[in-house]
Amino acid sequence: MKKSLISLFVSLAFLAICQAQETHLLRSPAISANHIAFSYGGDIWVADLDGKNVRRLTTFSGQEGNASFSPDGKTVAFSGEYDGNFDVFIVPVEGGEPKRLTWHPLPDIVRGWTPDGKQVVFASGRENAPYAYPDHFWKVGTDGKGLEESLPIPRVWDGSYSPDGQRFAYQMVMPWEEEFRNYRGGQNNPIRIIDLKTFEQESLPFEGTNDRHANWVGDEIYFLSDRDYGMNVWAYALKTKQLRQVTYFKDFDCKNLSSSAGMLIFENGGQLYTLDTKGGQPKKLPITVEGDFAWARPHWEKVEGAISDYSLSPSGKRVLFAARGDVFSVPAEKGDIRNLTTSTGVADRSPSNSPDGKKTAWFSDESGEYQLFIADNFGKIEKKIVLKNPTFYYTPAWSPDSKYLGFGDADRNLWYVEIATGKATLVDNEGSAHPERNIAPVWSPDSKWIAYSKRLKNEFNTIFVFSLAQKKSTQLTDGMSNCKSPAWDKSGKYLYFLSSTDFALGVGWLDLSSYSRVSSQNVYVAVLSKKEESPLKPLSDEEEKPDTTKKDSTITVNIDFDGLGQRILALDLPAKNYFYLGAGEEGVLFYADWQADPNVTFGATFAVG
């Protein structure tokens, strides 16, 4: 297949509709007595306290973020990606040309101001070794004179001054994974208070939770914590040493808390909320961002580097690609590239060609939830199938007779749907989450069985087969080795799979106990019927009686489960880190493995029988 450059004309007419509604994805808010500031589309925006009169404060093509108001509310400090690096800038709240304050080649991340408003506080890793983590605070004067000064705190990631500037509330350890919800591991650390003269420290009450963004407001410290297993605003009273929960959001976590003039501002669900520390409920700001976005205007976009899924046609003359939310049909040599979906504002994913060459299937969220679309080869929709328990869907696979389509979902369920009726049937559930998703449908040549790999409670993957006639799954391997990647031989006589017999010490993927326990796999073949001879039996030249029986071209898969474990054979291939099996013509198997070097052996064949 020749290499094709796919170009997509991105139409964003939906932007006009979005602008008439409240804008989401507002990030890193800040607040003063009269204004709010936030990041959107890589720029800094300001608005009134009620979210009205929104205007863009910065317009440079680089990224700007981490806005922070000066104590008098007249100046906004931010980190700007100008001249190829993030540095500290300030700009009047009314607008104007930003003034650069730092010039170091490492990123400088704005964290706030000194209480007198004369210096901007920022995080930088400029003196750290061997890794330049930005976990030390510096301050720089707004007059642009003099050198940056280091704060006398050995290690600090985030925090704020007390109103009198004598103490500092901060988080010491930089979290490398802030989105690990309900995490209770080593990167969590308490919020500390340090006296900047005596260097005495105390810690806020700590329960191993995610505590973030300490803000000093009067005699209280407000911060974010997931003590109730959702990130919410909490307050710690310095006089009484008491904690209290301030907000009670459940659907989304609160993020990026900031404060000024007795007011709090934070993100939740992509929108901004303010909260008066004197009392009251969180108030959602109805913000609508309007502007001329260069990245949002209709334009041509190369999508060859954004291909997420593919499916080869039965003849190999065309291939389906999913890229940037559309499905493309690309010729191997002759003809034009066809965009089958051209669906503005819709995510079309996971295309799949039917074996009879007549239909194309993909998942689309056109309705707001993913549905299964069935179309012809030119994108004309023939059927939209509503799926149960809408979520994300993966690994679509047509049955060889083109009557069914199997797929997996985000809940680790395995399904198949009858195309004619749209009826979906649940095959199995993997039972637990795991970084490696293995449960996926593999159809038998006669379309009557589905093979798949399922993780057992002992963390070993095991091969199962599901009978469409009996609506029943049967475990094929014994669960004492790690088996995955089933592949049916085209004859229907054999089922190939990968299996590791040294995987036992590799099950502890989460706690890193198996990090150094490298496992290997071998390729096995299961002889499905008792009547079939071993495909690996010793060869011997003997006279044979002529075969006078009439050959039947119809393929029927017969599985004798009794004694099947004694009919599983290891193929004559070395043990390696295999990751894929695929059956070709009868008796031909394709496999792939990762070598010690970065090259991948892919497409090697092994003849059986």
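For the structure itself, look to the data block above.
Scoring rules and cut-offs
Residues numbered from 1 in each chain as written. Predicted model: local features only at pLDDT ≥ 70, side-chain atom pairs only at ≥ 80, totals over all residues. Heavy atoms only, no water. Core = buried A, V, L, I, M, F, W, Y, C linked by side-chain atoms within 4.5 Å. Buried < 20%, exposed > 50% of the residue type's maximum accessible area, 1.4 Å probe, protein only. Helix = DSSP H or I, 4+ residues; strand = E, 2+ residues; numbered from the N terminus. Contact = heavy atoms within 4.5 Å. Patch = residues over 30% accessible without salt bridge, like charges linked within 9 Å, V, L, I, M, F, W, Y side chains within 5 Å. Areas by Shrake-Rupley, 256 points an atom, 1.4 Å probe, with all protein chains shown as cover. Salt bridge = Lys/Arg side-chain N within 4 Å of Asp/Glu carboxyl O. Pairing = 2+ DSSP bridges. Axes fitted to C-alpha atoms, helices over the stretch in contact; angles between N-to-C directions.

Q: Got a minute to help me understand the nonpolar core in this structure?
A: It is characteristic of soluble globular proteins that their nonpolar side chains tend to be buried jointly. One finds F363, L372, I374, L387, L405, F407 and V417 to be the most contacted residues of the largest nonpolar core, which totals 16 residues. Elements represented by at least two residues in this core include exactly β32 (360-364), β33 (371-375), β35 (393-398), β36 (404-409) and β37 (413-418). Setting aside chain neighbours within four positions, we find L405 in contact with A361, L372, P396, A397, W398, W415, Y416, V417, I419 and W443.

Q: When you look at a nonpolar patch on the surface in this model, what are you seeing that I'm missing?
A: A grouping of F579, Y580, F590 and W594 is seen on the molecular surface, where their side chains present a nonpolar patch of about 380 Å² in accessible area. When residues of the nonpolar patch are traced back to their parent elements, those giving at least two are β47 (577-583) and β48 (588-594). Mapped onto the fold, Y580 is located in strand β47. On the accessibility criterion, Y580 (35% relative accessible area) is partly exposed.

Q: Help me out: how do you make sense of the environment of G406 in this one?
A: Looking at where G406 falls in the secondary structure, it is placed in strand β36. C-alpha separation for the pair G406 and E418, spaced twelve residues apart in sequence, amounts to 9.0 Å. Apart from residues lying up to four places away in sequence, G406 is in contact with T395, P396, A397, W415, Y416, P441 and W443.

Q: What is the right way to read the sheet that holds strand β21 (residues 242-245) from this model?
A: Strand pairing in a sheet relies on backbone hydrogen bonds. The paired strands run either parallel or antiparallel. Pairing is antiparallel in the open sheet, where four strands are placed in the order β18-β19-β20-β21. In this open sheet, the two strands that pair with only one neighbour each are β18 (211-217) and β21. For this sheet, the mean inter-axis angle between neighbouring strands, taken without regard to orientation, is 25°.

Q: What exactly am I supposed to notice about the sheet that holds strand β31 (residues 348-353) here?
A: Read from one edge of the open sheet, four strands run β31-β32-β33-β34, paired in antiparallel fashion. Unpaired on one side and paired on the other, β31 and β34 (381-385) mark the two borders of the sheet. Going from strand to strand, the sheet's axes swing by 20° on average, the running direction of each strand aside. As defined by bridge partners, β33 adjoins β34 across four bridges and the pair is classed as antiparallel.

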